[in-house]
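Below, each chain spelled out in residue letters.
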Amino acid sequence: MGEKPLTDAERKRQISLRRLPVVEGVSSLKESFNRHLHFTLVKDRNVATKRDYYTSLAHTVKDHLVGKWIRSQQSYYEKDPKRVYYLSLEYYMGRALTNTMINLGIQGECDEAMYQLGLEMEELEEVEEDAGLGNGGLGRLAACFLDSLATLGYPAYGYGIRYEYGIFKQSIDGHGNQMELPDEWLKFGNPWEKARPEYMIPVEFYGRVESDASGKTHHWVDTITTFAMPYDQPIPGYNNNTCNTMRLWAAKSPKGFDLSYFNGGDYIKAVLDRNVAENISRVLYPNDNFFEGKELRLKQQYFMVSATLSDIVRRYKAPKFGSKEAVRTTFEDFPDKVAIQLNDTHPSLAIPELMRIFVDKEGLTWDKASKENIITLAWSLCVKTFSYTNHTVLPEALERWPVHMLEYILPRHLQIIFEINSLFLKKVTEKWPGDMDRMRRMSLVEEGPEKRINMSHLCIVGSHAINGVAALHSQLLTTTIFKDFYEMYPEKFQNKTNGVTPRRWLLLCNPGLSDLICEKIGEEWITDLSKLRRLEKFVKDKNFKHAFMRSKQENKIRLADFIKRQYKVEVNVNSIFDVQVKRIHEYKRQLMNCLHVIVLYNRLKANPNMDFVPRTVMIGGKAAPGYYMAKLIIKLFNCIARVINNDPIIGDKLKLVFLDNYRVSLAEKVIPAADLSEQISLAGTEASGTGNMKFMMNGALTIGTLDGANVEMKEEMGSENIFIFGMTVEEVDALRAKGYRAMDYYENNSELRKAINQIRDNYFSPTEPGVFQDIVNSLLHHDRFLLMADFDAYLKCQERVSEAFEDPDHWFTMAILNVASSGKFSSDRTIRQYAEEIWNVKAMGVNDVKPVNIK
């Protein structure tokens, strides 16, 4: 357990040279690397920086990818399959270099080539900026799905926005406060992307609608145009010839200056007006699960879907390979060739936009069709094309756009939404005559002091399939917020439990454990995670268990070294690495973790010689800049850490670390090293969670409530291999119905009371009296997520965790069984279910790469 681990570079070379297939000689890779350094970057070894070396390596790796990329697109045009279009305003891709090398099977050769050139692969990997174009789970799910779509061979495209600034960089100041810094991830360029100006698309805003005398023809006029420039990034499948495309749109101003300004001598204003248009793709909105109707956000959403649907229609009508004739001139086959998945309601404007394209631009007509029939027939094609994934049951997170804002920015789309609503409410009336209350609840238009359009209602009405992302979540959708719609369209509702890609979240981030698994059961699990069940027969194998324990300990030592370098905190590598990493939000209950830490600290202070199982508690995550309580929780944890980490009585028995600027590349270090994964949201509030799956896959045990995917994890691994505590959804509802009073729990639990009093009395903030009073008030008087009610059960469950950790043989039996039972939570399984049960698309093989000849 105390052996010094190999460095990442040494371990990867040992593993990948032995395991991954040879596709290119090391000497050729070195030659290509030097060619890019000299001719692409115009540098030599005398002046080149580590960033130059990384960029040269990225171009070298991409050289091995472009043939597959081109051939995949050729195959799609030749075979004309039904294609999947995944629309998401967020893609939390992280770094591309290592993932691409692994999926291409050239990681070992690249490691060796860099080694021979005197370069350290680990250092080059650290140079790459995370592509942080997402806030958390939703954006990372989209990234995992793209990996699985390519690995499984589905013809698919991911569409989103190329934000100039991704999710902000988080730093912690000397007082424990979160500070936000711009994420200039494109400052040095992006070697993985290819601009496609030839496919630039105009996107219209504002203006007004003109209709002819019959009311059948509508023209959206006097609009202001912004251009959408596509940037393509390759998404390689694992160990196959498929390489799909992620196309991200950047806003560009119209090609010319406004000549009225220019000729009037106001050159500066002409230039500045161009920049206003380009603000649309400037920055990713931080997500705090609270909808705020910002005009720029609405413009971002429409910008993305307008450009994307124009692109999809262009591709649908495109000529066959080698032909100048259009494949299709009518749209009857559109749903048979196009499946569009809406990742939450952010791309919901795609529904009225497709209707606008069908009716206004493409002149969708049928003989002797009335206006209503034209719209109804176009609508049926629209519904067959779209499907919608919901990601939250929190009412405040659901998008509701003000009618006046839509009328100003997208007047034609508002008309179409009103028409959709009119047709829909007729059907509601037919099914439930005279039920005005139901009509009010189900209407797309919410009446009130400010009329709003409920975008989740639009998605449900405009899609043929609606899914939640865990069994419990999907059930709650049909019994709570979408109950009326489920009663009307029960056939539309499905469950698709989330998953994560095992390529990044086990093979890439945990090569030591991956190699151990490959030695025991082969490599099939990399593309069929259910094969991990074969590990169950080794659970009593002492040699395997020892190797498993050693792998975990090596990961902990590496993380401890990183923490010492980064945070100047020395942690005990034999302690429980107790980790809670996710967005900071009250429903995720990081405050419960803080209170538990204070209780442990108080116990140690009262009895320093007590039998205590050492813990290193790590919390990481970003709070949305405008989310006051979340930022206060971060400050509280950091203030508690400052007191505990500097208390000589405590020593290394209890340490706290806030993992600032938590992101994909940091997750790849933290998750393999974790012993305990905290998934402690109030039952019924977390849609699924995917961090819980990543920890499980890497041999961490879970302490959690019966919420989200925890329920299914427990079913897969057995209740004896997970630490479950707290109320169920039914018990939560019953407590609220009875009347919840947080003060009862404060008064009846002395340890909880003391911890809250210490926060109130400035024990952890002596120089900032009263700074945490709002947290105290929230806990005692506004405890919306019932933290106080679950705290005693959480405390007792944590004691069971400590007891289990004292028996390493038992602990690692549980850990191995966690890994073995994680097969269900592969995004490959999720994507297969989408493909078979929602999209009706088939996987297709791509032939070996052929040379691209110019005729």
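Residues numbered from 1 in each chain as written. Predicted model: local features only at pLDDT ≥ 70, side-chain atom pairs only at ≥ 80, totals over all residues. Heavy atoms only, no water.

Cut-off, in case you're wondering: UniProt positions are given in the numbering used here, feature names are shortened, and annotations may be inferred rather than shown by experiment.
Going by the annotation in an unreviewed UniProt entry, the name recorded for the chain is Alpha-1,4 glucan phosphorylase, with Porites lobata given as the source organism. Under the Cofactor (unreviewed entry) heading, UniProt states for the chain: "pyridoxal 5'-phosphate". Within the UniProt record for the chain, the comment given under Catalytic activity (unreviewed entry) is "[(1->4)-alpha-D-glucosyl](n) + phosphate = [(1->4)-alpha-D-glucosyl](n-1) + alpha-D-glucose 1-phosphate".

### With respect to the overall build of the chain
Selection criterion: The secondary structure listing takes helices from DSSP runs of H or I that are at least 4 residues long and strands from runs of E that are at least 2 residues long, numbered from the N terminus. Atoms counted for the radius of gyration: C-alpha only. Globule rule: 2.2 Å times the number of residues to the power 0.38. Remark: exposure states derive from per-residue accessible area (1.4 Å probe, protein chains only) relative to the maximum for the residue type, with buried under 20%, exposed over 50%, and partly exposed in between. In this description, contact between two residues means that some pair of their heavy atoms is separated by no more than 4.5 Å. Exposure was quantified through the Shrake-Rupley algorithm and a 1.4 Å probe, taking into account, for residues, occlusion by the shown protein chains and nothing else.
When its secondary structure is counted, the chain shows 34 helices and 25 strands. Against the compact-globule benchmark of 29 Å for 855 residues, the chain has a radius of gyration of 28 Å, which places it among compact chains. Counting only C-alpha atoms, the chain reaches 90 × 75 × 65 Å along its principal axes. Per-residue burial over the chain gives 62% buried out of 855 residues. Taking the intrachain contacts of the chain between residues at least 6 apart in sequence as the baseline, contacts between residues at least 24 apart amount to 78%. Element-wise, carbon and sulfur atoms account for 51% of the exposed surface of the chain, whose accessible area totals about 33000 Å².

### Details of the sheet that holds strand 16 (residues 445-446)
The strands that make up a sheet pair up through hydrogen bonds in the backbone, lying either parallel or antiparallel. Rules: Strand pairing requires that DSSP identify at least two bridges connecting the strands.
Pairing is antiparallel in the open sheet, where three strands are placed in the order 15-17-16. Looking at which strands have only one partner, the edges of the open sheet turn out to be strand 15 (400-402) and strand 16. Here three bridges tie strand 15 to strand 17 (residues 452-454), and the two strands are oriented antiparallel to one another. If you follow R400 over to strand 17, its bridge partner there is N454.

### Focus on the pattern of salt bridges
In plain terms, the rule: By salt bridge we mean one thing: a side-chain nitrogen of Lys or Arg within 4 Å of a carboxyl oxygen of Asp or Glu.
With the rule as written, the count across this model stands at 60 salt bridges. For D437, the salt bridge is made with R440, and the minimal N-O distance between the two is 2.6 Å. A residue pair is termed a helical-turn pair when its members lie 3 or 4 positions apart in one helix, as D437 and R440 do in helix 16 (residues 436-442) at three residues. Residue R440 is classed as exposed on the basis of its relative accessible area, which comes to 54%.

### Quick notes on helix 28 (residues 729-738)
The condition that has to hold: Regarding the arc, it is the one traced by the directions from the helix axis to the C-beta atoms.
Buried residues of helix 28: V729, V732 and L735, and no others. Buried residues of helix 28 fall within an arc of 125 degrees about the axis and therefore sit on the same side. Seen from the open side of helix 28, the exposed residues pointing more than 90 degrees away from its buried face are E730, A737 and K738. Buried residues belonging to helix 28 abut helix 18 (471-479), helix 29 (742-748) and helix 32 (787-805). At the exit of helix 28 stands G739, carrying a positive phi of roughly 110 degrees.

### Some remarks on the nonpolar core
To keep it simple, the criterion reads: Only buried residues count toward a nonpolar core. Its members are Ala, Val, Leu, Ile, Met, Phe, Trp, Tyr and Cys residues joined through side-chain atoms within 4.5 Å.
Core analysis: the largest hydrophobic core is formed by 255 residues, its most contacted members being F424, W525, L654, F723 and W839. Per element, the largest residue contribution to this core is 11 residues, and it comes from helix 24 (residues 628-645). Residue contacts for F723: discarding those within four places in its chain leaves L676, L701, T702, I703, G704, C797, R800, V801, A804, W811 and M814.

### Overview of the packing of aromatic side chains
The following threshold applies: The pairing test for Phe, Tyr and Trp rings, Trp by its six-membered ring, is centres within 6.5 Å, and the orientation test on the planes gives stacked under 30 degrees, edge-to-face over 60, and tilted for anything in between.
Applying the stated rule across the entire model yields 34 aromatic pairs. Centre to centre, the rings of Y85 and Y157 are 5.3 Å apart; their planes meet at 15 degrees, and the pair counts as stacked. Taken together, the positions of Y85 in strand 1 (residues 83-87) and Y157 in strand 4 (residues 156-161) put the pair 72 residues apart, joining distant regions of the chain. Among the residues examined, Y157 registers a relative accessible area of 3% and is labelled buried.

### Focus on the packing of helix 3 (residues 50-79) against helix 4 (residues 97-104)
To keep things clear, this is the line we draw: To get an axis, a line is fitted to the C-alpha atoms, and for a helix only the part in contact is used. The angle between two axes follows their N-to-C directions and goes from 0 to 180 degrees. Orientation is classified from the angle alone, with under 35 degrees giving roughly parallel, over 145 giving roughly antiparallel, 65 to 115 giving roughly perpendicular, and any other angle giving oblique. Definitions for this section: a left-handed crossing has its near helix turned counterclockwise from the far helix by less than a right angle. A right-handed crossing has that turn clockwise. We call Asp, Glu, Lys and Arg charged. Ala, Val, Leu, Ile, Met, Phe, Trp, Tyr, Cys and Pro are nonpolar, and the rest, Gly among them, are polar.
Running from amino to carboxyl end, helix 3 crosses helix 4 at an angle of 40 degrees, the nearest separation of the two axes being 10 Å. Judged on the interaxial angle alone, helix 4 and helix 3 are oblique. In terms of crossing hand, the pair formed by helix 3 and helix 4 is left-handed. In contact with Y54, L57, A58, V61, H64, L65 and K68 of helix 3, helix 4 contributes L97, T100, M101 and L104. Of the residues in the contact of helix 3 with helix 4, the class split is eight nonpolar, two polar and one charged.

### A look at the side chain of T690
Here T690 is to be found in the loop between strand 23 (676-679) and helix 26 (691-697). Assessed through its relative accessible area of 9%, T690 is described here as buried. If we ignore the near neighbours within four places in the chain, the residues touching T690 are G137, L141, N498, G499 and V500.

### Overview of unusual backbone geometry
Notably, V42 is not glycine yet its phi reads approximately 55 degrees, a positive angle. Take V42: it is sitting in the loop between helix 2 (26-40) and helix 3.

### A short note on the confidence of the model for the chain
We count it as follows: Per residue, pLDDT captures the predictor's confidence, and it can take any value from 0 to 100.
Summing up the model confidence of the chain, the mean pLDDT is 93 and the portion of residues at 70 or higher is 92%. Below pLDDT 50 for its whole length, residues 17-24 participates in 26 contacts with residues either more than four positions away or in separate chains.

### Considerations on the environment of M355
Tracing the chain through its elements places M355 in helix 12 (residues 350-361). Judged by its relative accessible area of 4%, M355 is buried.

### Description of the environment of S211
Threshold: We define a polar contact as two N or O atoms separated by no more than 3.5 Å, with the added condition that, inside protein, one atom must be a possible hydrogen donor and the other a possible acceptor, whereas residues neighbouring each other in sequence contribute only through side-chain atom pairs.
If you trace the backbone, S211 turns up in strand 9 (residues 208-211). By relative accessible area, S211 is classed as partly exposed at 42%. Taking the C-alpha atoms as reference points, S211 and L398, 187 residues apart in sequence, are found 33 Å from one another. Those residues in contact with S211, other than ones at most four positions away along the chain, are T217 and H218. Polar side-chain contacts of S211 include one of 2.8 Å to the side chain of H218.

### Describing the sheet that holds strand 25 (residues 723-724)
Within the open sheet, the six strands sit side by side as 22-21-20-23-24-25. Their pairing is parallel. Two strands lie at the open edges of the sheet, namely strand 22 (654-659) and strand 25, each paired on one side alone. In this structure, strand 21 (residues 615-620) lies alongside strand 22, joined through six bridges in parallel fashion. Bridging from a neighbouring strand, V617 pairs with L656 of strand 22. Packed on one face of the sheet, helix 23 (residues 590-606) meets strand 20 (576-581), strand 21, strand 22 and strand 23 and runs near 155 degrees to strand 21.

### Remarks on the pairing of strand 22
Which entries qualify depends on this criterion: Orienting the strands away from the viewer, one traces the path from the first strand over the helix to the second; a clockwise path indicates a right-handed crossover.
For strand 22, the buried fraction is high: six of the six residues fall into the buried class. Of the two faces of strand 22, the one holding L654, L656 and F658 and the one holding K655, V657 and L659 are both buried throughout. Regarding topology, helix 24 serves as the crossover connection from strand 21 to the parallel strand 22, and that connection is right-handed.

### Observations concerning the environment of S348
Topologically, S348 is positioned in the loop between strand 13 (338-343) and helix 12. In sequence terms S348 and G462 are 114 residues apart; their C-alpha atoms lie 9.0 Å from each other. Not counting residues within four places of it along the chain, the set of residues in contact with S348 comprises L342, M455, L458 and C459. Here T345 takes part through its backbone oxygen, which lies 2.7 Å from a polar atom of the side chain of S348.

### Looking at the packing of helix 7 (residues 137-151) against helix 34 (residues 827-839)
Two elements in contact, helix 7 and helix 34, have axes whose closest approach is 9 Å; the angle formed by their N-to-C orientations is 75 degrees. The angle between helix 7 and helix 34 places the two elements in the roughly perpendicular class. Contacts between helix 7 and helix 34 pair C144, F145, S148 and L149 from the former with S827, D828, T830, I831, Y834 and W839 from the latter. Residue classes in the contact of helix 7 with helix 34 are distributed as six nonpolar, three polar and one charged.

### Describing helix 31 (residues 773-781)
Each α-helix winds once per 3.6 residues, and so residues spaced three or four apart point in a common direction. Regarding helix 31, the residues found buried are I775, V776, S778, L779 and L780. Contacts from the buried residues of helix 31 go to helix 23, helix 24, helix 29, helix 30 (750-760) and helix 32.

### Re the pairing of strand 11 (residues 224-236)
Counting buried positions over the 13 residues of strand 11 gives 11, a clear majority of the element. Pairing analysis gives two bridges linking strand 7 (residues 194-195) to strand 11, with the strands arranged antiparallel. For K194, the partnering residue across the bridge sits in strand 11 and is D232. With five bridges connecting them, strand 8 (residues 201-205) and strand 11 associate as antiparallel partners.

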